[in-house]
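Summary of structural features
So the chains spell out like this:
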Amino acid sequence: TSDGTVSGTWTGSAGTRYTLVDDYPDNTGTDYLTHGTTAGYLTFGYPAFSIPAGSTGISVQVMYYDQKTAAQASAAAGQIVVGGTAYNATTHNPANGVWTARSDNWATNPKSGVAWTTDDVNGVGANALSVFGFYSSDASPTINFASVQIQVTYTLPVTTITTGTDPGAGIIIAPGAGAQDVDNFTLQTDAGTDTITSVTVNLSTNSGVGTLAI
């Protein structure tokens, strides 16, 4: 949604370069940025993530399409900025004249050196993810970038539904259980002797109920 930090040679106008790569997965080069021959980096801002508290297994990917413009070797990679420090993925030699999908993964927070937290990826605190984009250590021949996005992969927290409570509308387990408003859930009997015969799902806030057979 905006331009971030920049160095090296890039086509496009400062402040609006993001508009040439904001259409992921553009894999045909409908519009694109050309980088080089001076190597460097270019990052972009984006709407903050809102990953639910308690989520686990968090990783961050920068996904993009690139190609180089001649047969000689270049070197390109994704970049993220965390806690004010830039971190580059391992570079690759782009394909000559062929748009190719790339995905660079950070399984842990490179600033803290440990697992990502929800605050980190939501942009909160000293180890916060802030911008992302492209990096090159060799942009001769020049490199084209057609589109880019940042992705966070995670596992939702487990929610326990307790029989006899009714914290709010949402998922109702029958018979005998209360309701819990959750996005991800597991059905389990208390001691292996109960039988769950159906799950009733409230399809909207105001109306509509559907039943899933067990």
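Below is a short write-up of the structure. Bear in mind the structure is a predicted one, so any value in this text is a computation, not a measurement.

Turning next to the pairing of strand β9 (residues 143-155). Inspection of the sheet shows strand β2 (residues 33-35) paired to β9 by 3 bridges, in the antiparallel sense. Paired with histidine 35 across the bridge in β9 is isoleucine 143.

Within the open sheet, the 4 strands sit side by side as β2-β9-β4-β7. Their pairing is antiparallel. Strands with a single pairing partner mark the edges of an open sheet, and in this sheet they are β2 and β7 (100-106). Averaged over all neighbouring strand pairs, the angle between strand axes comes to 40°, with direction disregarded. Pairing analysis gives 11 bridges linking strand β4 (residues 56-68) to β9, with the strands arranged antiparallel. Looking across to β9, one finds that valine 60 is bridged to valine 152.

With that out of the way, let us pick up the packing of aromatic side chains. Aromatic rings considered in pairs are described by the distance between their centres and by the relative angle of their planes. For the structure shown, the criterion picks out 11 aromatic pairs. Ring geometry for phenylalanine 134 versus phenylalanine 145: centroids 3.9 Å apart, planes at 20°, classification stacked. Here phenylalanine 134, found in strand β8 (residues 129-138), pairs with phenylalanine 145, found in strand β9; they are 11 residues apart in sequence, far enough to count as distant. Pair check on accessibility: phenylalanine 134 and phenylalanine 145 agree, each one buried.

Before going further, it helps to examine the pairing of β4. A large share of β4 lies buried, amounting to 11 of its 13 residues. Two strands pair when backbone bridges link them, and β4 and β7 are joined in this way by 7 bridges, in the antiparallel orientation. Looking across to β7, one finds that tyrosine 64 is bridged to arginine 102.

In this section: the layout of surface pockets. By volume, the second largest pocket amounts to about 190 Å³. Lining the second largest pocket we find 14 residues, and of these Thr1, Asp22, Phe132, Val148 and Gln149 sit closest to its centre. Of all the secondary structure elements, the ones that give two or more residues to the lining of the second largest pocket are β3 (41-45) and β9. When residues of the lining of the second largest pocket are assigned to their parent elements, the largest contribution, 3 residues, is made by β9.

Residue proline 25 follows tyrosine 24 across a cis peptide bond; omega there is 10°. Position of proline 25 among the secondary structure elements: in the loop between β1 (2-7) and β2. Looking along the chain, the bond that leaves glycine 36 and enters threonine 37 is cis, with omega of 10°. By the element assignment, threonine 37 lies in the loop between β2 and β3.

The rules we used
- Residues numbered from 1 in each chain as written.
- Predicted model: local features only at pLDDT ≥ 70, side-chain atom pairs only at ≥ 80, totals over all residues.
- Heavy atoms only, no water.
- Pairing = 2+ DSSP bridges.
- Helix = DSSP H or I, 4+ residues; strand = E, 2+ residues; numbered from the N terminus.
- Axes fitted to C-alpha atoms, helices over the stretch in contact; angles between N-to-C directions.
- Phe/Tyr/Trp six-rings, centres within 6.5 Å; stacked < 30°, edge-to-face > 60°.
- Buried < 20%, exposed > 50% of the residue type's maximum accessible area, 1.4 Å probe, protein only.
- 1 Å grid on protein atoms, 1.4 Å probe; cavity = no way out; pocket = protein on both sides within 12 Å on 5 of 7 lines; lining within 4 Å.
- Points joined across faces, edges and corners; volume = space filled by probe spheres on them.

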